[in-house]
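Chain and residue survey
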Amino acid sequence: MNAVLAEFFLTGSIALDEHGRTGGAGNLGGSDAEYQILFLAALTASWRKLLVFYQLAGVSGALGRIFGCLYENAFGYWWAIRRRDAAGDPPASDLPTVVEIDPADLRYQSRLGKAQFPTKDGDTKRSPIHDEPIVGVVGGRWDRFRTEWAETRIHRSLEARFQEGEPWEVTAKYRYAAYKIENGLGDWRSSTIEELERRCADIDALYESMAEEGYVPQDELLEREDDDMETGGAAMKPILGTEFPHEMRVGIGRNGEIIRFSAGKHRLSIAKLLGLESVPVIVVVRHERWATIRERFAAADSLEELPEEHREFAAHPDLRAVACERCS
């Protein structure tokens, strides 16, 4: 236990073995001591961010941000423990689904991190709680724990770069990453300023490519073998042992909200800035209320059979595969 605590204060994370367990003690089971351990993990992660925020925004800015970080980390771990077995074994209809959406309809980013809400097999290595990614139908308030995508650091930075013509060095993401790198903490797939510059050059090239060709799906890029990204390229990633294109992984909230969890953040923002009409996403989780609405669309023979409050969802992209033609 002391070794685990020491690891928290040094790194803000938990050292896991090849089975995703903590220090030989097995997965955390929800006892009072284990909740305290996870709270310390949240506190330590927040403390490391406090130093960055202080340098970038001063005392008042740092205090305002750190309370939010502490809350989202502590709540995230608490929620994850409470809901770790919520999804169970998903039926075939709830397995990850590739759906085409209008990028303008993806408005939210989940505040639950990979350690709290893993959405692919590799993410579980970061989690002291989950042995498998969360896939399927899950109730609770996970869909409420979100932020507007337009307010995220990465979107504001790409907006400043590509719409306002600002140099990378003045953007929030660059400044945040550069400070972390200068203090021995890698960020944005970079551990040196030189690597950070290459990362920025790659994002510039990605913008130019999408402006010319639109959104090219990951599987097509892999077939072409012409992805020139130096700091991250097209890939396939396993979810419950099945390979999927490394597209954005999203959840569908109780009222049909499309909420990004991971992957494709630069592509999403660029698609929004360019006004592209369609991008692929992988739906990995649905709120139980939305799953009920989806089942009713699948069973209905016409829109008139559905409750009036559900008819507004008739054009939702997650219903295309299940709704009858007269319901869409």
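What you see is a predicted model; the values in this text were computed from it and never measured.

What counts and how
Residues numbered from 1 in each chain as written. Predicted model: local features only at pLDDT ≥ 70, side-chain atom pairs only at ≥ 80, totals over all residues. Heavy atoms only, no water. Helix = DSSP H or I, 4+ residues; strand = E, 2+ residues; numbered from the N terminus. Buried < 20%, exposed > 50% of the residue type's maximum accessible area, 1.4 Å probe, protein only. Contact = heavy atoms within 4.5 Å. Areas by Shrake-Rupley, 256 points an atom, 1.4 Å probe, with all protein chains shown as cover. Core = buried A, V, L, I, M, F, W, Y, C linked by side-chain atoms within 4.5 Å. Pairing = 2+ DSSP bridges. Axes fitted to C-alpha atoms, helices over the stretch in contact; angles between N-to-C directions. Parallel < 35°, antiparallel > 145°, perpendicular 65-115°, else oblique. Left-handed = near helix turned anticlockwise from the far one by under 90°. Nonpolar A, V, L, I, M, F, W, Y, C, P; charged D, E, K, R; others polar. Salt bridge = Lys/Arg side-chain N within 4 Å of Asp/Glu carboxyl O.

1. Section: the overall build of the protein chain
- The helix and strand inventory of the protein chain stands at 9 helices and 9 strands.
- By residue count, 48% of the 328 residues in the protein chain fall in the buried class.
- Intrachain contacts of the protein chain at a sequence separation of at least 6 include 69% that bridge at least 24 residues.
- As presented, the protein chain carries roughly 16,200 Å² of accessible surface, and 47% of it is formed by carbon and sulfur atoms.

2. Here we look at the nonpolar core
- Grouped together as the largest cluster of nonpolar side chains are 42 residues, with contacts concentrated most on Leu-106, Leu-158, Trp-168, Trp-188, Met-248 and Phe-297.
- For this core, the elements supplying multiple residues, two or more each, are strand E1 (97-101), helix H3 (153-162), helix H4 (172-182), helix H5 (193-213), strand E7 (248-252), helix H7 (265-274), strand E9 (279-287) and helix H8 (288-299).
- With 6 residues, the single largest contributor to this core is H5.
- Contacts of Trp-188, omitting those with residues within four sequence positions, involve Ile-154, Trp-168, Lys-173, Ala-177, Leu-196, Arg-199, Cys-200, Ile-203 and His-266.

3. Thoughts on the pairing of E9
- Counted residue by residue, E9 has 9 buried out of 9 residues, so it is predominantly covered.
- Relative to E9, E1 runs antiparallel, the two being bridged by 5 bridges. Bridge pairing in E9 links Val-98 to Ile-282.
- Two strands pair when backbone bridges link them, and strand E3 (residues 136-138) and E9 are joined in this way by 3 bridges, in the parallel orientation. Looking at E9, one finds that Val-137 is bridged to Arg-286.
- Looking at chain direction, E7 and E9 are connected through 5 bridges and run parallel. Across the sheet, Met-248 pairs through a bridge with Val-281, a residue of E9.

4. Examining the side chain of Lys-120
- On the secondary structure map, Lys-120 appears in the loop between strand E2 (106-110) and E3.
- Assessed through its relative accessible area of 13%, Lys-120 is described here as buried.
- Aside from chain neighbours lying at most four places away, what touches Lys-120 is Pro-133, Lys-237, Pro-238, Ile-239, His-246 and Arg-249.

5. Quick word on the packing of H5 against H7
- Following both chains from N to C, one finds H5 and H7 inclined at 45°, their axes separated by 10 Å at the closest point. By the angle between their axes, H5 is oblique relative to H7. For H5 against H7, the interelement crossing comes out right-handed. Contacts between H5 and H7 involve Arg-199, Ile-203, Leu-206, Tyr-207, Met-210 and Ala-211 from the first element and His-266, Arg-267, Ile-270, Ala-271 and Leu-274 from the second.
- Split by residue class, the contact of H5 with H7 holds 8 nonpolar, 1 polar and 2 charged.

6. Quick word on the pattern of salt bridges
- Applying the stated criterion across every chain yields a total of 11 salt bridges.
- Close ionic contact of Lys-120 with Asp-123 constitutes a salt bridge, the shortest N to O distance being 3.2 Å.
- In this structure Asp-123 comes out as buried when scored by relative accessible area, which is 1%.
- Across the salt bridge formed by Asp-123 and Arg-249, the nearest N and O atoms sit 3.7 Å from each other. Separated by 126 residues along the polypeptide, Asp-123 in the loop between E2 and E3 and Arg-249 in strand E7 bring together distant segments of the chain.
- One continuous salt-bridge network, built from bridges that share partners, spans Lys-120, Asp-123 and Arg-249.

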